[in-house]
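Single-letter residue listing:
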Amino acid sequence: MNHAHLHPGPACQLGKTRRVLEKFHFRGIQTGAQERLIMTTEMHEIAMTEDKPLLTSQQDTAKEAEIAARILLDQGKEHEIETPHGLLHVTLHGSGNTRRPAVLTFHDVGMDSKSCFSTFFKFHEMEEIVKNFTVVHINAPGQEEGAAPYPAGYQYASMDQLSDMIKSVVQYFNFRSVIGVGVGAGAYIMAKFTLDNPHTVEGLVLINIDPNARGWMEWAAHKISLLASSLPEQLMCHLFSQKEISGNTDLVQSHRERISKAPNLVNMDLFWKSYNSRRDLNIDRSSTLKCPVMLVVGDHAPYEEAAVECNCKLDPTTTSFLKMADAGGMPQLTQPSKLTEAFKYFIQGMGYMASSCMTRLSRSRTTSLSSSYSIDGSRSRSRTLSQGSQDNLPPSPSNTMEVSC
């Protein structure tokens, strides 16, 4: 039989490979150090040809999952929710934990959820909240980024209808309870929703709230201002104090430019008119918000007096009032660190935050605030957190404690 045309099998190939390696090893020994150096170099080059391991390690998988989760937290998931009064655009962040209340936010006039809350919720000390709570940012109809302008004659939802639309959001995600966070017009809407749905809301954070309808004098002054100033300037006066506008800070400039160039300025005008047509919330000591409430306002904010008046109408045993120095009309943007600290205390008082999550500033003042928030989540009395220059003021006869931050 002629064996020249036969191909060697696996055993023959293995034998051939073994003979080559033996021969190469023998040459390395016989020819001296130079050949041994070449052999070592060749082997090193062969070892470097594998770019990555054949099997993905568990560490790499966990790291990729963490990165994916981080992207999801940052970007959120967009939803379009049908309500009896129109379409709502909302963004959901977090893992959808239903054991804890979801955090629902509602922005102010002249803003959307991103421009109103991104700085605050992306602040590094807020990571514990975002990781452990589902956060849903609600955009008022037509106010979201990229929204198309409404046609002429469009009937915009009233403030009562806007508050009723929140119920559709809660039902859509099947939330058992929520913690509301609102700014300006959004604070009014959240407060109205809470009055109508007291068993759904476990807590409220209301920034720059004005619970009162416009009086006749205020209404006349507003009509005159409509003739004297453009819509962007009216919104700027609503969002910022005169001191902030005169200073023309980078924050003021960026928001003026954003509003002036907004393609949906017509929609902002409709929301603005709806807010100015609001009714009185009729909050008093006998008919008030039943859940814990934290009122927040800057000491130079346009609605400082309104927030102070609202504080007087709420139950002092369940209300906290935070007045922030040098915060102006947007404390969530200019003072995110201090507001985060107060928000964590508020959450801890409701029994949802462990003391290990407290910030450095919080831990330094645990003693001074322990009379307001106990470990088991119950709160013994109302207090005012004044971000002024005075420190360690004793409690006043009205059981209000002032703490400097």
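As a reminder, the structure under discussion sits directly above these lines.
Residues numbered from 1 in each chain as written. Predicted model: local features only at pLDDT ≥ 70, side-chain atom pairs only at ≥ 80, totals over all residues. Heavy atoms only, no water.

Trainee: Tell me about the nonpolar core, and please be specific about residues and values.
Mentor: Nonpolar side chains in soluble globular proteins tend to be buried together. Counting residues in hydrophobic clusters, the biggest one holds 93 residues, and the most contacted among them are L104, V136, I138, I166, F175, L206 and F271. Those residues in contact with F271, other than ones at most four positions away along the chain, are F106, H107, D108, V109, A140, Q143, Y156, M159, L162, A185 and I189. (Core = buried A, V, L, I, M, F, W, Y, C linked by side-chain atoms within 4.5 Å. Buried < 20%, exposed > 50% of the residue type's maximum accessible area, 1.4 Å probe, protein only. Contact = heavy atoms within 4.5 Å.)

Trainee: Explain the pattern of salt bridges to me, and be specific about the residues and the numbers.
Mentor: Within the structure shown, the criterion is met by 10 salt bridges. Between R279 and D160 there is a salt bridge; the shortest N-O distance is 2.5 Å. Of this pair, R279 sits in the loop between α12 (265-276) and β7 (293-298) while D160 sits in helix α6 (residues 159-173), placing them 119 residues apart in sequence. Note on D160: relative accessible area 24%, which makes it partly exposed. In this structure, K261 and E257 form a salt bridge, with 3.0 Å as the shortest nitrogen-oxygen distance. (Salt bridge = Lys/Arg side-chain N within 4 Å of Asp/Glu carboxyl O. Helix = DSSP H or I, 4+ residues; strand = E, 2+ residues; numbered from the N terminus.)

Trainee: Before we move on, can you summarise the packing of helix α9 (residues 231-239) against α12 with the specific residues and values?
Mentor: The geometry of α9 relative to α12 is characterised by a closest axis approach of 11 Å and an angle of 50° between their N-to-C directions. Classed by the angle they form, the pair α9 and α12 counts as oblique. Where α9 crosses over α12, the two elements pack in a sense that is left-handed. Touching L231, P232, Q234, L235 and H238 of α9 are L265, M268, D269, W272 and Y275, all from α12. (Axes fitted to C-alpha atoms, helices over the stretch in contact; angles between N-to-C directions. Parallel < 35°, antiparallel > 145°, perpendicular 65-115°, else oblique. Left-handed = near helix turned anticlockwise from the far one by under 90°.)

Trainee: Break down empty space enclosed by the protein for me, with residues and values.
Mentor: Counting across every chain of the model gives two cavities of 30 Å³ or more. Roughly 50 Å³ of volume is contained in the second largest cavity. For the second largest cavity, the full set of lining residues is D108, V183, N208, H238, L239, P302, Y303, G329 and M330. A class-by-class count of the residues in the lining of the second largest cavity yields five nonpolar, three polar and one charged. (1 Å grid on protein atoms, 1.4 Å probe; cavity = no way out; pocket = protein on both sides within 12 Å on 5 of 7 lines; lining within 4 Å. Points joined across faces, edges and corners; volume = space filled by probe spheres on them. Nonpolar A, V, L, I, M, F, W, Y, C, P; charged D, E, K, R; others polar.)

Trainee: For the packing of aromatic side chains, give the residues involved together with the corresponding values.
Mentor: The description of two aromatic rings rests on the distance between their centres and on the angle between their planes. As enumerated under the stated definition, the model contains 10 aromatic pairs in all. Ring geometry for F120 against F343: centres 6.2 Å apart, planes inclined by 70°, an arrangement best described as edge-to-face. On the criterion of sequence distance, the pair formed by F120 in helix α4 (residues 113-121) and F343 in helix α15 (residues 336-349) is long-range, its members being 223 residues apart. Taken individually, F120 and F343 each receive the classification buried, so the pair is uniform in this respect. Ring plane angle 80° and centroid distance 6.2 Å describe the contact between F133 and Y352, whose orientation is recorded as edge-to-face. With a gap of 219 residues between them, F133 in the loop between α5 (127-132) and β4 (135-139) and Y352 in the loop between α15 and α16 (360-364) connect regions that are remote in the sequence. Counting every residue linked through ring pairs, the aromatic cluster contains F117, F120, F121 and F343. The positively charged end of R100 is found above the aromatic ring belonging to F133, 5.4 Å away from the centroid. (Phe/Tyr/Trp six-rings, centres within 6.5 Å; stacked < 30°, edge-to-face > 60°. Lys NZ or Arg CZ within 6 Å of the ring centre and 35° of its normal.)

Trainee: Just give me the short version of helix α13 (residues 304-313), but keep the residues and values in it.
Mentor: All of the buried residues in α13 are E304, A306, A307, C310 and N311. Summarising the axial view, the buried residues of α13 lie within an arc of 160°, below the 170-degree limit, and thus occupy one face. When the buried face of α13 is taken as reference, the exposed residues oriented beyond 90 degrees from it are E305 and C312. Against the buried residues of α13 lie β7 and β8 (319-324). (Arc of directions from axis to C-beta.)

Trainee: Any details on the pairing of β4? Residues and values, ideally.
Mentor: Across the five residues of β4, five count as buried, placing the element largely inside the fold. Burial of β4 is two-sided: the residues V135, H137 and N139 facing one way and the residues V136 and I138 facing the other way are all buried. As paired strands, strand β2 (residues 86-93) and β4 are joined by five bridges and run antiparallel to one another. By the bridge assignment for β4, H93 is matched with V135. (Pairing = 2+ DSSP bridges.)

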